[in-house]
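Examination of the molecular architecture
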Amino acid sequence: MSAQEDRWVSSFSFLLFCAVSIPMLGCASLLQELSPHEYFSGLQASKASLAYFSHTVSAGAQPFLEQIENSVEALHDYGISVVKVKCPKEDVSRYCGKENALRKAYLFRGNVLIREFPTDALFDVNSIVANVLFALLFNEVKYVETLTDLQNIENALKGKSNMVFAYVPATGTAEHRAVMEVAFVYGTVHQFVLTTEATLLKDTGSKEPDVSSAQLLFCHCQQVTDLAQPCKRTPLEQDLTVLNIHRHLKLMGAPLVTEVAEDPEEVSTVHLQLGLPLVFILSQKETYEADWRTAEFLAWKLLGKAGVAILSRDRVNLNILRRTNVALKTPDEGVPIKYLLLEDTEEVITLVEDKSKVKQIQENEDEDEEDEDEKENDNQDMQDDQVVEAVSRDKKRELPLDQVLTLTEETFHSAMLEAAQTVVLFYASWEAVSLAVLQSYTEVADHLKGTQGILLSRVNCWDWPGVCTMENVTQFPTIKIYKKGEQPITYNGMLGTEELTSFIVLSQVSCPLKLATMDEAERYLRGELPSELSSYHHSLVLGVFSTATSKVREAFTEAGSILSGHVTTGMYFEDDVLALSHKYAVSPPALLLARSSSQRVEGIALSKENAQDIVQMIRYELLDLFPEITVQNLPHYLQLRKPFLILFSDGDIGRTESKEMLKLARGRSQQAFVSCWLNLKNTPVGRGVLKAYFATIPSLPALVWVNLHAGGQVFKFPSEQSITEINILSWLEKLKAGLEIPSSTLSEEDWKPPLPAYNFLQMMEAAAPEFTLHASSHQEDRQERQQLEGSEEKATVRGELTEEVGVKAEKAQGPGRDLRGTAPRLAGREKQARRHSEL
Amino acid sequence: MVRYLEDFAAILGLRVRYDTAVVHVTLEKDPRAWNGHYFVLSDQNRQSYKCSCLLVATGTWVPNVVNFPGSEYVEGYETVSTNPEDFAGQTVLILGRGNSAFETAENILGVTNFIHMVSRSRVRLSWATHYVGDLRAINNGLLDTYQLKSLDGLLEGDLEDLAIVKDKKGKLHITLRFYLENRNTSAGIDGITLPQDELDNFATRAPYDRVIRCLGWKFDFSIYNRSLRMMPGRGNKSKYPQIKPSYESRGTRGLFVLGTASHSVDFRKSAGGFIHGFRYTTRAVHRLLENRHHGVPWPSTVYPITQLTNSIIKRVNEASGLYQMFSVLADIILLRENATVFEYLEEYPVGILAELETQTGRKASAGLFVVVMEYGRNFSGDDKDVFYYNRAVGEAQHAWQSNFLHPVIYYYKRLPTEREMRLHPPDWPLPRPDAIHHIVEDFLTDWTAPNAHILPLRRFLENCLSTDLRNFFAESCFLFALTRQKLPPFCQQGYARMQGLTGSERLRRHAVEAGLLEDYAVMDFSGDKLPDSRQGSRDHLLKDHVIALRPLHHFVNAKDEF
């Protein structure tokens, strides 16, 4: 059997070779022209031939004849000769006599007529080859119309041989031809079954079959022993072409799991040869049996996508870390084998599927590249800036700006006198970031609607550059808060609705607040004072000073005004200050902190005497010990420039985990790294982070150590261990000792230009320095000049060039194209629909 | 005009000495002076003035005079009556073909019998040459009456060959110097041959009542001592003193020429000879002197690199100096500190680019951009058809062929040397750059279109700087911050400094739709909410992870489920 198969395969490869090479050879001579006598007497038994009869060529049959002539070569490969039989005029025999017969083609095997084809069944080469082979391979390819027929065939095959089941929407198509051509080779190995009934497809397991496209399934019936058990099916996931089907059948024929006892680098299987990856299950004696079953399970899942091999570590002396259990070898040369530690077969599958997806995309790109030259230019003028694109997609919508006062050069100064606090957004109506902020600004205006003493306004610096220059606005957008009689404050926080709203609200109070009595100080620490802010959660700082510490007090006053809008500051330096400081166990000068997140008041000694240092200190002290990291607060922690220990969680983290992590954060090591957690529900982009780290989303919660600022290694805390302070600390020790392998390393790559620019310099130089479109009238001058230069080479080049220009200019004279200049790019707008799909 | 100057002097508190004519300027060597010498000026009252630095803004006030027989009958533009009534019914000949000649003609066109204009060169129309010194359309009514009604007329001829004779009735006849030289001296006026005697359809055979000279002006060189070496320019620039592109005299250090007289720098190219242009070049000279003598460097603003595209777009749309003094004044962008920061210098004379560091007191060590406005090369010019089809370019990728005034940005990795400046290609205002960008001309002269103007500019800048200048929402920056060791400049200078761009939910959606932002929140929903089946299955996969964790080694049981 296998010898025969080999022969078939080799003849098949020969066919493939022919199919590739024939178009170049142009074997027109293969079409024989014979008389009826010559033809019928020359027919050899068991040799098939397709014949058609003609007197003279009638006009209607012409296209059909052409197609038949075109398919001569294709049929020749299958040993089928095509004969044009010339009927003598007087002949009235069976084939030549009837006018009707002349509109048909006849398939003979030997001198037995197998089928006659009406010409409309033979409309092109595909249909001719498909139909002829279909007729010849009557036994090898069964045609079924009902489910029962299919099941009968399937049942009959169980335990004996495998089945190839193909659905084509119609016969005579290219897919039909491909199936037939493969059946010609594999017909004796597998049973082929063909249908055009879409209903049969529904039952094959694919839930939503696409009946418009052909499909092929390999049914593994040979190993089915129990008649009641259905055959497993593996669909071909690519288009039905001879090559793809052949490849699929080859893969199905390969052993499910290959046992390997050599270095994986040396191993080569059908899969690798066919460009598919090979997954190694790294096993050992103790678990070999179980691993074999895992491998088999995986092999079924990956059938047609990747090969699976099992490697016993005991038999090969490999320098592979004991901890890895899976290896992946890709068909690309020079790519080292990847050794991985995976927990779940699903991970292997996603790994393989993602890989093949990536590869497919790459392949497509490669194909595209050939006709890429023009496309490259197309890409260049496609917007790849997410902010610009988002804003321009929204430009038709009118923003609800009724809560925001529009200021001009004339109204600006009078408007500043109206409210106690005027917020001004300076923006440029052409600039994307400004417009994005303007959207958030309208939301801020909505939040603050009805708040006394706050006026939100905007100045479009594109219309009123003067006032923007006067107000020292050098970049867009700029947000300033003007208070009567004070220097305006420039907002320098996150350009988002919440942050800006809170800044505006907190800025109402001039900080630091001087508190006059103990009671006021207490109420301030409880958030009840100042009353404007009592309904806002915010962090507060109270400076406690004795009368002797005036220098520190001054520095604190300055720090308070710097932090104004971000943190509320107050100070207390009355005579009874000691009573207050005793209560919080500090001695002046000291700071009392109340975070927005907790009610507790903490006391810290104030040792700095410089305003900037105090600002730094307050900022640092206000950071949480074990924060939930979000898009908004990450930058605060990034500034510490420490490694991150992040607990990724889908939803809130468990109480015990939280407690353990907090213990860890409080511990002695807290200076060395930032421990935090990330709630994927609140920060979905965290999934993107996990994908970048592990290619797939690992089981959650996942504890990850990221060396953000040094080396970029990412380590994952073993998920079988429970998250406790002790476990984590010992794991961290191992990390430090270099005993763990990183799951991945963050890219160190610089941010390069996403796409090239137009090379105008090259274009200008190619066109000679003095080149313009309008050069035609100066041809003579130029040629004279060239002669003076005496450079013949240049002269010819430029001569050609000016000719070209002449042509262009002539074209340009044509009427009706005159709007081009005034309404440019209208024609090019369609292109806008295409966008970059990635950053 | 007078009021404008008065206002100017009043606002700036200038101490102007009126009614003072400087009649002589000389040098006095003195090592204490800024430039090694003092300028000594004497006025008509023999009072003298001494200074270290002399700014000459005397314009070109000496009328050009042509001497030919009979030129004594000619009236000058500077003295001729501007009252049209004085010309009622007269036949007038105007010598010259500039704006003043046409202005004079325009003024009296309605009342004269007819007007003829004679000059050596053909008429040049400013809308064809893009040079305001050529005939402006507001003055060219005479072209209509010439071409459409055949009343008034233009003639070309060399004035040197001309002669004018006055007959007894006071009418002026045109003849040629050639005839005059051969005349019979005793015969008086009747003895002079007139061209029409031989050629009876000679164009200017009709006698004229008046001949007006409108031949332009030149700089007054007469008051300068030889030691100042104030030399007239060469060729058609002879009416202007020779100066460097820094507006300093070629002959004397410390002497600067301003205003119309400084036009030799950009004669027939830009607007330096006219008030709308020289007010910018004068300011440039002020800044050069501030740096040279007072140690005040050229004013500049420092921005983070993320503002590079925006600052260029803002300037090319708003800067009047760049616009009026196209190809002469340029904005200079000096890169600093690994191109994370840049310094913006406005309206620097492009001709002294090589001396930038000494002239401005700024450092150009890490490369620079030069932003200028240019017309298409060879588009405009004498006798060119500036109305041909497809004269305007609409596609950004063909921007280099733009014909109308448009911004051009030159990139140099290092400052060009003086030698390179001297050898620059004839049609280029600057030496060959390392890269060049044209922002495509715009019908509205508004270069703020995101895709046609800003995007190609950003790509150019990105490729010069080899970085990524895109804007990102905070969410993208968050992802980059946790998954890459380096951040793009926008995130580095914004998000990482707690100034990220959060963006509204609506904009986020748009970005997701455009495929420029991945929406990870989608994964939270269960698979059936998604139309895309493939995505759905991936969701399913995710859910599996969350619900049941099956370590690889224990997975064997699952086989039966399959």
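Residues numbered from 1 in each chain as written. Chains lettered and ligands numbered in written order. Predicted model: local features only at pLDDT ≥ 70, side-chain atom pairs only at ≥ 80, totals over all residues. Heavy atoms only, no water.

Just so we agree on the cut-off: UniProt positions are given in the numbering used here, feature names are shortened, and annotations may be inferred rather than shown by experiment.
The name given to chain B in an unreviewed UniProt entry is FAD-dependent oxidoreductase domain-containing protein 2, and the organism recorded there is Meleagris gallopavo. Under the Sequence similarities (unreviewed entry) heading, UniProt states for chain B: "Belongs to the FOXRED2 family." Comment text from UniProt for chain B, heading Cofactor (unreviewed entry), reads "FAD".

Per an unreviewed UniProt entry, chain A goes by Thioredoxin domain containing 16 and derives from Meleagris gallopavo.

**Some points on the overall build of chain A**
The test is simple: Secondary structure elements are defined from DSSP: runs of H or I of at least 4 residues count as helices, runs of E of at least 2 residues count as strands, and each element is numbered from the N terminus. Only protein chains enter the accessibility calculation, which uses a 1.4 Å probe. A residue is then buried if its area is under 20% of the maximum for its type, exposed if over 50%, and partly exposed in between. Residue contacts are counted whenever heavy atoms from the two residues lie within 4.5 Å of one another. Residue-level accessible areas treat just the shown protein chains as cover; the underlying method is Shrake-Rupley with a 1.4 Å probe.
On a plain count of helices and strands, chain A comes out with 31 helices and 30 strands. When the 839 residues of chain A are sorted by exposure, 50% land in the buried category. Considering only contacts within chain A whose residues lie at least 6 apart along the sequence, 72% involve residues at least 24 apart. Approximately 41,400 Å² of chain A is accessible, and the part contributed by carbon and sulfur atoms is 50%.

**Considerations on the environment of Lys237 of chain B**
All names here are of chain B. Note on placement: Lys237 falls in the loop between β13 (217–218) and β14 (255–257). Note on Lys237: relative accessible area 26%, which makes it partly exposed. Separated by 29 residues in the primary sequence, Lys237 and Asp266 place their C-alpha atoms 9.9 Å from one another. Contact partners of Lys237, with chain neighbours within four places excluded, come to Ser264 and Phe267.

**Notes on the environment of His271 of chain A**
All names here are of chain A. Its place among the elements puts His271 in helix α11 (residues 270–273). Under the relative-accessibility criterion, His271 is labelled buried at 6%. C-alpha separation for the pair His271 and Ala254, spaced 17 residues apart in sequence, amounts to 8.4 Å. Dropping the residues within four chain positions of it, His271 is found in contact with Leu251, Ala254, Leu276, Pro277, Leu278, Ala306 and Gly307.

**Quick look at the nonpolar core**
Applicable threshold: We call a set of buried residues a nonpolar core when its members are Ala, Val, Leu, Ile, Met, Phe, Trp, Tyr or Cys and they connect through side-chain atoms within 4.5 Å of each other.
Grouped together as the largest cluster of nonpolar side chains are 95 residues, with contacts concentrated most on Leu542, Phe644 and Tyr693 of chain A together with Phe478 of chain B. With eight residues, the single largest contributor to this core is helix α17 (residues 432–447) of chain A. Residues in contact with Phe478 of chain B, not counting those within four places in the same chain, are Ile629, Thr630, Val631, Leu634, Leu678, Thr683, Val685 and Val689 of chain A together with Tyr495 of chain B.

**Regarding the interface of chain B and chain A**
What counts is decided by this rule: What counts as buried area is the accessible surface, traced by a 1.4 Å probe, that two parts surrender upon association, with contributions from both included. Any carboxyl oxygen of Asp or Glu within 4 Å of a side-chain nitrogen of Lys or Arg constitutes a salt bridge here. Residues adjacent in sequence count toward polar contacts only when both atoms are side-chain atoms; beyond that, a polar contact is any pair of N or O atoms within 3.5 Å, and within protein one must be able to donate a hydrogen and the other to accept it. Residue polarity follows a fixed list, in which Ala, Val, Leu, Ile, Met, Phe, Trp, Tyr, Cys and Pro are nonpolar, Asp, Glu, Lys and Arg are charged, and the others, Gly among them, are polar.
Listed by partner, the interface residues are 107 residues for chain B and 131 residues for chain A. Between chain B and chain A, the buried area comes to about 11,400 Å², and carbon and sulfur atoms account for 61% of it. Put simply, chain B and chain A have five salt bridges between them. Asp384 of chain A is paired through a salt bridge with Arg459 of chain B; the nearest N and O atoms lie 3.1 Å apart. Taken together, the connections running from chain B to chain A amount to 30 residue pairs in polar contact (both at pLDDT 80 or more). Among the elements that take part in the side of chain B that touches chain A, helix α12 (residues 450–465) of chain B stands out by supplying eleven residues, more than any other. Taken together, the residues that form the side of chain B that touches chain A break down as 53 nonpolar, 29 polar and 25 charged.

**Topic: helix α7 (residues 147–157) of chain A**
All names here are of chain A. We apply this condition: Here the arc refers to the directions that run from the helix axis out to each C-beta atom.
Regarding α7, the residues found buried are Leu150, Ile153, Glu154 and Leu157. All buried residues of α7 project into a common sector of 100 degrees when viewed along the axis, lining one side. On its buried face, α7 is in contact with β6 (141–143), β7 (163–167), β8 (191–195) and β10 (232–235). Positive backbone phi, approximately 80 degrees, marks Gly159, located one or two places after α7.

**Observations concerning the sheet that holds strand β14 (residues 326–329) of chain A**
Residues and elements named next belong to chain A. Rule in force here: Note: two strands are recorded as paired if DSSP finds a minimum of 2 bridges between them. Helix axes use the C-alpha atoms of the stretch in contact, all axes being lines fitted to C-alpha atoms, and the angles between their N-to-C directions lie in the range 0 to 180 degrees.
Strand order across the open sheet formed by five strands is β11-β13-β12-β14-β15, with mixed pairing between neighbours. The outermost strands of the open sheet, each flanked by one partner alone, are β11 (257–260) and β15 (338–340). Strand after strand, the sheet turns through a mean of 25 degrees between neighbouring axes, direction not considered. Seen against the sheet, helix α12 (residues 288–302) touches β11, β12 (278–283) and β13 (307–312) and runs at an angle of roughly 165 degrees to β13.

**Comments concerning the packing of α17 of chain A against helix α19 (residues 497–507) of chain A**
Residue and element names in this part refer to chain A. Spelled out, the test is: Just so you know how the angles are binned, under 35 degrees is roughly parallel, over 145 roughly antiparallel, 65 to 115 roughly perpendicular, and the rest oblique. Handedness of a helix crossing follows the sense of rotation of the near helix relative to the far helix, less than a right angle counterclockwise being left-handed and clockwise being right-handed.
At a minimum axis distance of 9 Å, the contact between α17 and α19 shows a crossing angle of 50 degrees. As judged from the angle between their axes, α17 and α19 are oblique. Relative to α19, α17 is oriented so that their crossing is right-handed. Two secondary-structure elements touch here, α17 through Ser440, Tyr441, Glu443, Val444 and His447 and α19 through Thr497, Leu500, Thr501 and Ile504. A breakdown of the residues in the contact of α17 with α19 according to their chemical character gives four nonpolar, four polar and one charged.

**Digging into a nonpolar patch on the surface**
Residues and elements named next belong to chain B. Here is the rule we go by: Residues enter patches when their relative accessible area tops 30% and they take part in no salt bridge; the joining distance is 9 Å for like charges and 5 Å for the nonpolar side chains Val, Leu, Ile, Met, Phe, Trp and Tyr.
Taken together, the side chains of Met1, Val2, Tyr4, Leu5, Phe8, Ile11, Leu12, Leu14, Val16, Tyr18 and Ile275 present a nonpolar region at the surface, about 1,200 Å² in accessible area. For the nonpolar patch, the leading source of residues is helix α1 (residues 2–12), giving six residues. For Ile275, the location among the structural elements is in helix α7 (residues 275–294).

**Focus on the sheet that holds strand β3 (residues 81–86) of chain A**
Residues and elements named next belong to chain A. One open sheet accounts for five strands, arranged β1-β3-β2-β4-β5; its pairing is mixed. Each end of this open sheet is capped by a strand with a single partner; those strands are β1 (32–34) and β5 (112–118). Strand-to-strand twist of the sheet, defined as the mean angle between neighbouring strand axes without regard to direction, takes the value 30 degrees. Looking at chain direction, strand β4 (residues 104–109) and β5 are connected through six bridges and run antiparallel. From the neighbouring strand, Leu107 faces β5, where its bridge partner is Arg115.

**A look at the pattern of salt bridges**
For the structure on display, the rule yields 39 salt bridges over all chains. Across the salt bridge formed by Glu740 of chain A and Lys734 of chain A, the nearest N and O atoms sit 3.7 Å from each other. Two residues, Asp519 of chain B and Arg509 of chain B, come together in a salt bridge whose shortest N-O distance is 2.7 Å. In this pair, Asp519 of chain B is assigned in the loop between α15 (505–513) and α16 (533–547) and Arg509 of chain B in helix α15, connecting sequence segments ten residues apart. Via salt bridges that share partners, Asp384 and Asp385 of chain A together with Arg458, Arg459 and Glu462 of chain B belong to a single interconnected network.

**Description of unusual backbone geometry**
In this model, Phe476 of chain A is joined to Pro477 of chain A through a cis peptide bond whose omega is -10 degrees. Within the secondary structure layout, Pro477 of chain A lies in the loop between α18 (465–470) and β19 (478–483). Residue Pro701 of chain A is bonded to the preceding Leu700 of chain A through a cis peptide linkage, with omega at 0 degrees. Tracing the backbone shows Pro701 of chain A in the loop between α26 (685–694) and β28 (702–706). In the Ramachandran plot, Asp19 of chain B falls in the positive-phi region, its phi being about 50 degrees despite a non-glycine side chain. As for its position among the elements, Asp19 of chain B is in the loop between α1 and β1 (22–29). Phi is positive for Ser327 of chain B, which is not a glycine, with a value near 65 degrees. Tracing the chain through its elements places Ser327 of chain B in the loop between α9 (320–324) and β16 (329–336). A relative accessible area of 24% places Ser327 of chain B in the partly exposed class.

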